[in-house]
Amino acid sequence: MELVKKSILTMLVLLLAGTMAFASGQQGSSTGDGDKVKLVFTSWRTEDIERMNRINAEFTKENPNIVIDFQPVKDTEYDAQLKQSLAAGVGADIIFLRSYDSGYQIYKTDSLMELNDLLPELKDFPSAAVAAWATPEMTSYAIPAAGVVHGVYYRKSIFEKYNLDVPATWDEFMAVCETLKAGGETVFAQGTKDNWMLYEVMYSGLGANFYGGEEARQALMNKEVRFTDDNFVLAMEKMKELQPYFPERFEGIDYVTMQEIFGTGNAAMFMGGSWEIGIFEDLGGLEDVGYFAPPLAKKGDTLQYCFHVDAGIGFNKNTKHPEELKTYMKWLASSEYAQLYMNELPGFFSYTPGSYTLNNDLAKQMQSYVAESVPTVRTVWEKLSAGSPSGNELVGEAIQKMYANELTPEEACKFVNDQLSWYY
Amino acid sequence: MLQAQKKHARFLFMFIFPAFIIYTVFMLLPILNSMKYSLYSGDGLIPDTFVGLDNYVKLFTEERYYSKFWNALGNNIKFFLIVTFIQNILGFFMAVFVTRSFKGNRFMRKLSFLPTTLSVLVVGFIFKLILNPYYGVFDKVLEAVGLGEHIIPWLGDPRSALIVVSIAVSWQFFGESVLFYSSGIDGIDESIMEAARIDGANIWHEIIHIILPSVLPIVGIVTILIFIGDFTQFDIIYAMTGFRGDPGYSTDLMGSLFYRTAFATTERGGWGTGMGATVATMMFLIVTLGVGTLLAFFNKKKEEMTK
């Protein structure tokens with residue numbers, strides 16, 4: 001019996017020691033070495049580590065006692081990890097937040113600082129961007145940090161070969177497609193295996209000029225119109241018109257393959273987002289890549305430009321270093337950071353007021369359309385994706401089914417509208 | 001006698017106790033905790049409003065939930081049937097083949113087990129590359145042998161995607177069944193086989209009258225292992241068709257459904273932690289009931305045979 005007791009005791013001591021070691025290991029990560037304070041910055045952009053480190057090095061130059069530790073988590077795991085770490089009280093100090101409901105869900109866990117008093121300069125930011133990370137009562141919980149645009153990339157050399165000009169209207173766009181197809185080129189690098197692209201880039205980006213952009217989006221959100229209305233169906237029909245120009249067996253082509261096909265010069269065009277500049281740069285031959293905005297329905301229309309609110313930066317309420325965090329927060333809201341950010345990450349556009357010089361040609365082209373356009377965001381991102389099934393998923397799924405010839409454009413719109421019944 | 005038994009029990013207890021502690025802390029408590037969460041609702045990772053069986057009612061009465069649930073369960077059953085067919089039947093014949101005495105049979109045995117040692121994710125990504133419609137080698141081979149017109153976007157077509165994924169999983173764990181069956185066949189007394197051969201039995205007689213009856217208990221074990229593996233399968237879906245089970249949820253299994261609903265944001269198909277825990281509890285029930293049924297079935301078979 002004595003032996004049993006002893007072994008139980010040993011087991012318990014070991015277990016206790018184990019858990020304590022584990023717990024102290026967790027805490028150790030947020031305290032810095034020496035008298036330096038380390039702030040942990042998390043994001044879903046694992047590809048940005050080097051670039052963010054260079055940006056943050058500039059900050060540390062000015063504030064030698066603060067070191068920023070950039071620790072991103074893979075995109076698809078980010079939200080779950082963030083929720084878990086905040087709930088366990090070991091969350092990062094600086095947190096990338098997705099726009100609208102996803103970010104708001106994090107705010108509702110009562111783990112983010114409220115910024116209205118801390119950062120009065122937020123009132124000079126574009127109000128639509130601020131609203132994407134604010135409560136309905138306009139309490140801000142994140143700095144609007146990055147926006148992305150959607151449009152069409154093209155290979156300059158292929159366009160030159162056929163003497164093609166950059167199309168401005170849909171008819172011109174279709175004519176370009178026809179010429180390229182007749183010449184035996186792969187017109188688009190598009191595939192439909194990953195359906196989020198179909199909604200986020202194609203429908204929200206290229207469809208906006210047909211469904212009526214921001215005005216229509218607002219009306220849809222305010223329940224004044226439905227997704228089955230003519231304008232939304234028209235945009236869906238326009239998407240269907242692109243199908244003959246997709247590569248063979250496009251149903252099996254996933255996102256990464258699309259980027260490879262276009263990035264290696266094997267397709268003339270790619271409907272994509274501004275965040276892809278870096279990827280095409282890495283694949284080489286960026287000087288051969290051009291960009292044009294979504295073609296207009298007809299000449300003289302105003303471009304409805306999908307300038308999506310992509311990332312905001314929030315701050316952990318339970319940080320161990322509130323003063324240092326505030327210093328960094330001020331810097332993140334400054335034009336100095338914005339300029340550094342846009343230099344390092346072309347294709348991500350800062351919302352911080354100020355005048356900037358862009359050093360990347362593609363980013364310049366993307367921005368050149370802004371002045372004469374009406375900005376909008378992805379069609380059903382706000383409010384309509386706050387419940388299950390989300391508008392985001394439904395539109396992607398509907399378009400995927402439409403390209404698989406399971407649904408007509410009209411049925412695709414009905415498919416979305418019917419399943420959005422939780423919203424109405 | 002009694003004293004000895006007592007001593008024996010104490011001795012056994014000492015062996016079981018450490019494992020029991022570990023099992024309780026890392027398995028039993030989380031499972032019970034997850035079941036508890038299925039009775040709660042709320043934002044964030046730890047739902048805080050007690051709602052009783054409301055989540056279960058929602059899961060089975062609201063179309064937006066039950067359509068996905070039944071779809072995943074249906075896919076999972078199909079997935080299980082295909083994998084069972086390949087691993088059990090083809091695995092059995094492969095085992096018969098490698099236990100014959102011919103030159104290189106040892107090597108064949110080792111070779112068939114090799115894929116099992118790979119990570120499921122690696123297998124998934126490799127299959128995805130092979131089947132890529134743009135640069136994948138599979139389509140190129142089909143074209144080269146003149147079967148070009150039969151090529152379809154394997155992973156992009158809802159009719160073929162689930163079958164392809166099942167084949168990938170079966171290919172990987174095929175060796176496991178071969179291992180189980182061949183060790184069963186090795187256990188058969190050689191003199192019985194010899195006697196049969198002298199009596200003029202051919203290979204089919206041998207299989208039906210000698211090999212099959214002696215490995216029948218192994219069929220049960222293999223089937224149960226496949227059942228547990230398949231109804232908790234997640235990795236292969238994540239690697240090959242994404243956690244939505246694309247195209248159009250046609251490869252969505254219970255594992256991917258649970259991952260998505262519990263951990264993704266609402267925008268990406270999440271249902272909140274409470275509903276996610278409800279799906280997890282249903283998975284637990286399905287696996288427990290399934291294993292119980294299979295065990296009872298195979299035990300009965302075994303009894304019938306030993307009579």
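Residues numbered from 1 in each chain as written. Chains lettered and ligands numbered in written order. Predicted model: local features only at pLDDT ≥ 70, side-chain atom pairs only at ≥ 80, totals over all residues.

Regarding its fold elements, chain A presents 18 helices and eight strands. Viewed in the frame of its principal axes, chain A has a C-alpha envelope of about 85 × 55 × 45 Å. Residue pairs at least 24 apart in sequence account for 76% of intrachain contacts in chain A once pairs closer than 6 positions are excluded. (Helix = DSSP H or I, 4+ residues; strand = E, 2+ residues; numbered from the N terminus. Contact = placed C-beta atoms within 7 Å.)

Now for the overall build of chain B. A tally of helices and strands in chain B yields twelve helices and two strands. Starting at the N terminus and walking to the C terminus, you meet the elements of chain B as α-β-β-α-α-α-α-α-α-α-α-α-α-α. Once the C-alpha set of chain B is aligned to its principal axes, its extents read approximately 80 × 75 × 30 Å.

On to helix H14 (residues 322-332) of chain A. Residues Glu 324, Leu 325, Tyr 328, Met 329 and Leu 332 of chain A constitute the buried set of H14 of chain A. One side of H14 of chain A carries all its buried residues, which in axial view fall inside an arc of 140°. (Buried ≥ 20, exposed ≤ 12 C-beta atoms within 10 Å, placed from the backbone. Arc of directions from axis to C-beta.)

Accessible area lost when the parts come together is the quantity often used to give the size of an interface. All names here are of chain A. As assigned here, chain A comprises domain 1 (31-146 + 309-360) and domain 2 (148-308 + 363-422). Centre-to-centre separation of domain 1 and domain 2, based on C-alpha positions: 29 Å. Taken residue by residue, the interface counts 13 residues in domain 1 and 15 residues in domain 2. (Domains from an automatic or database assignment.)

All names here are of chain A. Burial along strand E6 (residues 289-292) is one-sided: the face carrying Val 289 and Tyr 291 is buried and the face carrying Gly 290 and Phe 292 is not. In this sheet, E6 lies alongside strand E4 (residues 143-155) in antiparallel orientation, the contact comprising four bridges. Directly across from Val 152, in E6, lies its bridge partner Phe 292. (Pairing = 2+ DSSP bridges.)

Moving on, we get to the interface of chain B and chain A. With 29 residues of chain B at the interface, the matching set in chain A holds 39 residues. Broken down by element, the residue count for the side of chain B that touches chain A peaks at four residues, all from helix H1 (residues 2-37) of chain B. Taken together, the residues of the side of chain B that touches chain A break down into 15 nonpolar, eight polar and six charged. (Nonpolar A, V, L, I, M, F, W, Y, C, P; charged D, E, K, R; others polar.)

So, about the packing of helix H11 (residues 254-263) of chain B against helix H12 (residues 273-306) of chain B. Residue and element names in this part refer to chain B. The geometry of H11 relative to H12 is characterised by a closest axis approach of 7 Å and an angle of 160° between their N-to-C directions. Comparing their axes, H12 and H11 come out roughly antiparallel. For the pair H11 and H12, the crossing hand works out as left-handed. Facing H11, whose interface residues are Met 254, Leu 257, Phe 258, Thr 261, Ala 262 and Phe 263, H12 presents Thr 273, Met 275, Gly 276, Ala 277, Val 279, Ala 280 and Met 283. Here the residues of the contact of H11 with H12 are counted per class, giving ten nonpolar, three polar and no charged. (Axes fitted to C-alpha atoms, helices over the stretch in contact; angles between N-to-C directions. Parallel < 35°, antiparallel > 145°, perpendicular 65-115°, else oblique. Left-handed = near helix turned anticlockwise from the far one by under 90°.)

With twelve residues, helix H11 (residues 230-241) of chain A should reach 16 Å at 1.5 Å per residue; the first-to-last C-alpha distance of 16 Å fits that figure. For H11 of chain A, the secondary structure elements touched by its buried residues are helix H7 (170-182), helix H8 (195-206), helix H9 (208-211), helix H17 (391-403) and helix H18 (409-419) of chain A. (Expected span 1.5 Å × (residues − 1).)

Attention now goes to the environment of Gly 387 of chain A. Within the secondary structure, Gly 387 of chain A is located in the loop between strand E8 (373-376) and H17. What makes Gly 387 of chain A partly exposed here is the crowd of 17 C-beta atoms within 10 Å. As a C-alpha pair, Gly 387 of chain A and Arg 226 of chain A span 161 residues in sequence and 17 Å in three-dimensional space. Among all residues touching Gly 387 of chain A, those that are not within four sequence positions of it are Trp 422 and Tyr 423 of chain A together with Thr 266 of chain B.

Comment: phi is negative for the bulk of residues other than glycine, and the bulk of peptide bonds are trans. Here the bond from Ser 388 of chain A into Pro 389 of chain A is cis, since omega is -5°, no more than 30 degrees from zero. Structurally, the position occupied by Pro 389 of chain A is in the loop between E8 and H17. The residue after Asp 246 of chain B, namely Pro 247 of chain B, is reached through a cis peptide bond having omega -5°. Take Pro 247 of chain B: it is sitting in the loop between helix H10 (235-240) and H11. A positive phi angle, near 55°, is found at Asn 163 of chain A, a position not held by glycine.

We now examine the pairing of E4 of chain A. The side chains of a regular strand alternate, residue by residue, between the two faces of the sheet. Residue and element names in this part refer to chain A. Counting buried positions along E4 yields 13 of 13 residues, so the element is predominantly enclosed. In this structure, E4 lies alongside strand E7 (residues 303-315), joined through six bridges in antiparallel fashion. In the strand pairing of E7, Gly 147 is matched with Val 309. Two strands pair when backbone bridges link them, and E4 and strand E5 (residues 269-273) are joined in this way by five bridges, in the antiparallel orientation. Residue pairing across strands places His 150 opposite Gly 273, the latter belonging to E5.

We now examine the environment of Ile 198 of chain B. All names here are of chain B. Tracing the backbone shows Ile 198 in helix H8 (residues 190-198). Looking at Ile 198, the number of C-beta atoms within 10 Å reads 8, which means it is exposed. Separated by 31 residues in sequence, Ile 198 and Gly 229 place their C-alpha atoms 42 Å apart.

Low pLDDT marks regions whose predicted coordinates should not be analysed in detail. Put simply, chain A has an average pLDDT of 90, and 92% of its residues get 70 or more. Note on residues 16-32 of chain A: pLDDT is under 50 here. Beyond four places in sequence and across chains, it has seven contacts. (pLDDT = per-residue confidence, 0-100.)

Moving on: the confidence of the model for chain B. Scored by pLDDT, chain B comes out at a mean of 91, with 99% of its residues at no less than 70. Reported for the predicted complex are a pTM of 0.86 and an ipTM of 0.84.

Before going further, it helps to examine the packing of helix H2 (residues 54-61) of chain B against helix H3 (residues 63-99) of chain B. All names here are of chain B. In the contact formed by H2 and H3, the axes pass within 5 Å of each other and the chain directions differ by 75°. Looking at the two axes, H2 sits roughly perpendicular to H3. Here H2 contributes Lys 58, Leu 59 and Phe 60 to the contact with H3, which in turn contributes Tyr 65, Tyr 66 and Phe 69. For the contact of H2 with H3, a count of residues per class yields five nonpolar, no polar and one charged.

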